[in-house]
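# Understanding the architecture of this molecule
One-letter residues, chain by chain:
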Amino acid sequence: MIYQWKQARFGINAQDTGEELERIADKYQSLTPCNIVAESRDEASVLHDCFEWDDPIAADKYREVQAGAILRNIVTVEVDGVKQPKPIRAFVNIESDFKPISVIIKTPKYHNEMMQNALQELHSFQEKYQNLTQLSGVFQEIEKLGA
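One structure accompanies this document, and this report is about it.

The next subject is the environment of Asp16. Within the secondary structure, Asp16 sits in helix α1 (residues 14-28). For Asp16 and Thr133, which are 117 residues apart along the polypeptide, the C-alpha to C-alpha distance reads 32 Å.

See below:
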């Protein structure tokens, strides 16, 4: 296989990375984040420099990941006294910051950004699953939205 980065942000060669991930998958008969980290501990590993190995720094970064998971998983069932038919995210990332959905709904600038983000996510979904012909009808509807 030929590998390349979707976004070059790791500072290492994509082909080497893909081949190393294949090696790890073959070794463990599974490719999980845990297996990748275990195989990357050695300083000679292709992937070693992709990770933060200073434990206090890594611990704080992991806590930030956990905080993000909290923000992405808290939902509300009522907004401004109106019960929602389904739970909705209570906080949404707008302008590189999480804002309460009640504020986003009332602020046209934030609401427009949320809509643009939604359309971008639809476009990403379409790119990811473009080879699944069963979704062609969904993709046609996405195109109608201008995503």
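Still to come is the rest of the account.
Counting residues in each nonpolar core, the largest one holds six residues, listed as Val79, Val92, Ile94, Ile101, Ile104 and Tyr110. Mapped onto this core, the elements with two or more residues apiece are β3 (91-94) and α4 (101-106). Residues in contact with Ile104, not counting those within four places in the same chain, are Val92, Ile94, Lys99, Tyr110, His111 and Met114.

Turning to the pattern of salt bridges, a few remarks are in order. Inspection of the entire model under this criterion finds seven salt bridges. Here Arg23 ties to Glu20 by a salt bridge, and the two come within 2.8 Å at their closest N and O atoms. Note that Arg23 and Glu20 are positioned in helix α1 at a spacing of three residues, about one turn of the helix. For Arg23, a relative accessible area of 35% corresponds to the partly exposed category.

Here we take up the environment of Leu145. Inspection of the secondary structure puts Leu145 in helix α6 (residues 136-145). Residue classification places Leu145 among the exposed residues on the basis of a relative accessible area of 51%. In this structure, the C-alpha to C-alpha distance between Leu145 and Asn35, residues 110 residues apart in sequence, is 41 Å. Among residues more than four places away in sequence, those in contact with Leu145 are Leu119 and Leu122.

This brings us to the side chain of His48. Note that His48 resides in the loop between α2 (33-40) and α3 (55-73). Sequence-distant contacts of His48, defined by excluding residues within four places in its chain, comprise Ser40, Arg41, Asp42, Glu43 and Trp53.

It is worth spelling out the packing of helix α5 (residues 108-128) against α6 at this point. In contact at an axis separation of 10 Å, α5 and α6 are set at 145° when each is read in the N-to-C sense. Once α5 is placed against α6, the crossing between them reads as left-handed. In contact with Leu119, Leu122, Phe125 and Gln126 of α5, α6 contributes Val138, Phe139, Ile142, Glu143 and Leu145. Counted by class, the contact of α5 with α6 contains seven nonpolar, one polar and one charged residues.

The rules we used
- Going along each chain's sequence as written, the residues are numbered from 1 onward.
- Residues qualify for local features only when their pLDDT is at least 70, as the model is predicted, and side-chain atom pairs are given and counted only at 80 or more; totals for whole chains, interfaces and linings, by contrast, use all residues.
- Hydrogens are left out, water is left out, and the side-chain values use all remaining heavy atoms of the structure.
- Secondary structure elements follow DSSP: runs of H or I no shorter than four residues count as helices, runs of E no shorter than two count as strands, and numbering proceeds from the N terminus.
- To qualify as a nonpolar core, a set must consist of buried Ala, Val, Leu, Ile, Met, Phe, Trp, Tyr and Cys residues joined through side-chain atoms within 4.5 Å.
- Residue exposure (1.4 Å probe, protein chains only): buried if accessible area is under 20% of the type maximum, exposed if over 50%, otherwise partly exposed.
- Any two residues having at least one pair of non-hydrogen atoms within 4.5 Å are treated as being in contact.
- Counted as salt bridges are all cases of a side-chain nitrogen of Lys or Arg within 4 Å of a carboxyl oxygen of Asp or Glu.
- Only the contacting stretch of a helix is used when fitting its axis, a line to C-alpha atoms as for every element, and angles between N-to-C directions run 0 to 180 degrees.
- Take the far helix as your reference; a near helix turned counterclockwise from it by less than a right angle gives a left-handed crossing, and one turned clockwise gives a right-handed crossing.
- Gly counts as polar in this scheme, as do all residues outside two lists: the nonpolar Ala, Val, Leu, Ile, Met, Phe, Trp, Tyr, Cys and Pro, and the charged Asp, Glu, Lys and Arg.

All we've got here are geometric facts, nothing functional implied.
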